[in-house]
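Coordinates in review
Each chain, letter by letter, is given below.
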Amino acid sequence: MDSSSSPSTSKRKRTVLSVEKKLEILSKLEKGETGVCLARFYNVGTATITDIKKNRESLMIFASQMDTEEGPKRRKTMKMSQNETLDDALSKWFIQRRSLGQPISGPLLCEKALDFNEKLGGSSNFKASTGWLEKFKNRHGIRQLQIQGEALSANSDAAEKFKLTIGNYIEEGGYSRDDIYNADESGLNWRSLPRKSLASRQETSACGFKVSKDRVTIMTCANASGTHKLPLLVIGKAKNPRCFKNIKNLPVSYKSQKSAWMDLKLFCDWFKNDFIKSVKKWRKDKGKDGKVLLLLDNAPSHPSVDVLNSFDPNFVVMFLPPNVTALIQPMDQGVIEKLKRLYRKNMLKSLLLLDDNSEINVASFPKTLNLKHCCFMVADAWELLTEENLKRAWNKLLSLETDSEETIEAQNISEFNEFFSNIPGFADCDADDAIDWINSDANDPGYQLLNDEEIISSVTNLTENDDENESEDECLDETKKVSNSEAFNAFEIGLEWYAQQEECSCTQLLLLRRMRNLAAKKRIDAIFQSKITKFMPKKS
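Scope of this entry: the structure provided in the associated data block. (Residues numbered from 1 in each chain as written. Predicted model: local features only at pLDDT ≥ 70, side-chain atom pairs only at ≥ 80, totals over all residues. Heavy atoms only, no water.)

A separate point is the packing of aromatic side chains. Enumeration over the complete set of coordinates arrives at 14 aromatic pairs. Each ring, one from Phe-416 and one from Trp-437, has its centre 5.9 Å from the other, and the planes form 85°; the classification is edge-to-face. Within this pair, whereas Phe-416 is found in helix H18 (residues 409-422), its partner Trp-437 is found in helix H19 (residues 431-438), the two being separated by 21 residues in sequence. What makes Trp-437 buried here is its relative accessible area of 3%. Taken together through their ring pairs, the aromatic side chains of Tyr-181, Phe-267, Trp-270, Phe-271, Phe-275, Phe-311 and Phe-315 make up a single cluster. Between the NZ or CZ atom of Lys-112 and the centre of the ring of Phe-116, over which it lies, the distance is 5.3 Å. (Phe/Tyr/Trp six-rings, centres within 6.5 Å; stacked < 30°, edge-to-face > 60°. Helix = DSSP H or I, 4+ residues; strand = E, 2+ residues; numbered from the N terminus. Buried < 20%, exposed > 50% of the residue type's maximum accessible area, 1.4 Å probe, protein only. Lys NZ or Arg CZ within 6 Å of the ring centre and 35° of its normal.)

With that settled, the discussion passes to the pattern of salt bridges. A side chain with one charge may pair with a side chain of the opposite charge, provided their charged atoms come close. Under the defined criterion, the tally for this structure stands at 18 salt bridges. Arg-215 is the salt-bridge partner of Asp-444, the closest N and O atoms lying 2.8 Å from each other. With Asp-444 in the loop between H19 and helix H20 (452-459) and Arg-215 in strand E2 (residues 215-223), this pair connects stretches of sequence that are 229 residues apart. Summarising the burial analysis for this pair, Asp-444 and Arg-215 share the class buried. Ionic pairing is found between Glu-492 and Arg-516, a salt bridge with its closest N-O pair at 2.5 Å. Within this pair, whereas Glu-492 is found in helix H21 (residues 484-499), its partner Arg-516 is found in helix H22 (residues 506-534), the two being separated by 24 residues in sequence. Assessed through its relative accessible area of 33%, Glu-492 is described here as partly exposed. Residues joined in a network through salt bridges with shared partners are Lys-112, Asp-115, Lys-119 and Asp-452. (Salt bridge = Lys/Arg side-chain N within 4 Å of Asp/Glu carboxyl O.)

The biggest cluster of nonpolar side chains holds 63 residues, and the ones touching the most others in it are Leu-293, Leu-295, Tyr-343, Leu-348, Val-378 and Phe-426. Non-local contacts of Phe-426, meaning those with residues more than four positions away in its chain, are made with Leu-193, Pro-194, Ser-197, Leu-348, Leu-351, Val-362 and Phe-420. Within the second largest apolar cluster, 38 residues are counted, among which are Val-44, Met-219, Met-262 and Phe-267. (Core = buried A, V, L, I, M, F, W, Y, C linked by side-chain atoms within 4.5 Å. Contact = heavy atoms within 4.5 Å.)

Turning our attention to unusual backbone geometry. Not every positive phi belongs to a glycine, and Asn-43 is a case in point at roughly 60°. Along the chain, Asn-43 falls in the loop between helix H2 (35-42) and helix H3 (46-54).

The next thing to look at is the sheet that holds E2. Remark on secondary structure: sheet strands pair via backbone hydrogen bonds, oriented parallel or antiparallel. What the 6 strands build is an open sheet, ordered E4-E3-E2-E1-E5-E6; its pairing is mixed. Only two strands of the sheet have a single partner each, and these edge strands are strand E4 (253-256) and strand E6 (315-319). With strand direction ignored, the average angle separating the axes of adjacent strands in the sheet is 25°. Here strand E1 (residues 180-189) runs beside E2; their pairing, made up of 9 bridges, is antiparallel. The residue of E2 that forms the bridge with Ser-186 is Ile-218. Most of the contacts of helix H11 (residues 264-286) go to strand E5 (residues 292-296), to which it runs at about 145°, and overall it touches E1, E2, strand E3 (233-236), E4, E5 and E6. Running over the sheet, helix H16 (residues 371-384) touches E1, E2, E3 and E4 and is turned about 25° from E2. (Pairing = 2+ DSSP bridges. Axes fitted to C-alpha atoms, helices over the stretch in contact; angles between N-to-C directions.)

Moving on, we get to the environment of Thr-50. You can see Thr-50 is positioned in helix H3. Taking the C-alpha atoms as reference, Thr-50 lies 7.4 Å from Gly-35; in sequence the two are 15 residues apart.

Moving on: H19. Buried within H19 are the following residues: Asp-433, Ala-434, Trp-437 and Ile-438. Projected down its long axis, H19 carries its buried residues within an arc of 135°, all on one side. The N-capping residue of H19, defined by a side-chain oxygen 3.3 Å from the backbone nitrogen of Asp-432, is Asp-430. (Arc of directions from axis to C-beta. Polar contact = N/O pair within 3.5 Å; in protein donor to acceptor, adjacent residues only side chain to side chain.)

Compared with an ideal rise of 1.5 Å per residue, which puts 14 residues at 20 Å, helix H7 (residues 106-119) spans 20 Å between its outermost C-alpha atoms and is within 8% of the ideal. By the burial criterion, the buried members of H7 are Gly-106, Leu-109, Cys-110, Lys-112, Ala-113, Phe-116 and Asn-117. Taken end-on, H7 shows its buried residues confined to a sector of 160°, consistent with a single buried face. Facing away from the buried side of H7 by more than 90 degrees, the exposed set consists of Pro-107, Glu-111 and Glu-118. Where H7 ends, the next residue or the one after it, Gly-121, has phi of about 70°, a positive value. (Expected span 1.5 Å × (residues − 1).)

Here is the structure:
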């Protein structure tokens, strides 16, 4: 037989997959399809499938930076520009401006490229020519650049059009309020106190001491019926905060980023491992099936729709238009604001609970707080938001009749004033100070908009690396390891005290007894194990 016709010598036609096809393969691998079957279906070698799986993270980030869905369809490699630093800087600048709804013309992009090249100390021979511009657009999947237009402010016309669009989409897709979610980030100044408090006055007057600006990013997410709210995502600076030592479970999902901002990598991780898994579990428990819709604003920290929709076909992501967040995004219709108010009430309650004989005072109180306290207090605040609070936040977007505006502002401020009057060191605080404190981080979007210098710093790796642990002033103590005997004794005393209170309820009393019994069991097990070892023969 002619060897040229032998199957063993026949060559498979070389196939180069687009980024879109690679995303499809990653999605199918997640569902359990084998590499051999995928290699046969896409007419590639099994080694190609293995390489795609290995490069998952870089591929997802690369695809997330595409400006349109045409980018992943056209691009077949992740080959970068000859001047990667300039290319990266200009791409970050463009994505930020696009997220703000600012139209960018081709000539403006070329001018910005020349500006960045000069600031980066690039070649004097660099020319931002028409050919270079086309290659840049192709690399990043950028649509036809707009030549004219004005930057948008809060766009009521776009909001009204989107309300009609989303209404039709929900009706055609058969989505119920249980099936529609919204997620949004915001910054939280978790250690700050009112500026007229004793602590703040001492901070501003102490030589070489700055007012605490410690912040974390929090992300809220809930469905339109208010029946399912996901655990809060909290983003801090430290990878392994010392205050988390010995803590088995946090009431929030904690992630780290060197500046405590949301970024593309963290969002992809949250979407895959927190959002999809949590929603699937909740829907399974409720006996629900069908598709889920997640609405997001088009912040630069959010990956493209194509990337997010590639994770699971039953989870659909849609972006709101630029500059409509304050008008119709549900989480911004009082949810985040109320969450922060409840968090700050928890801070004041902690101050009120201080023992008179304690060495801790108002001035030193902020430094006793660590990320563990922050996580538990903000989780408690999130738990206090009711189903009705969450449901009402969707009324504007879904064009439903809204209740008359609740006149609770004055009541809320008066509650803060009551706290102020009962805490030593807050005598000078008034209603205006309460409002300033409540709104101190209202304009923190949870993601970073970089200026030119910060963009250059980020692409040239001038920023510091992530710290594994918090610095000394960020976390003063580790969580003490409590013994089983100490826990048992504490629960015994707590049970006796609680049973004598008018507020005592059978449900909470039984819960305390279960915790007491768990501590007792662990104490007995530890004693039994220690006794057994005494009878074991010693090694010679």
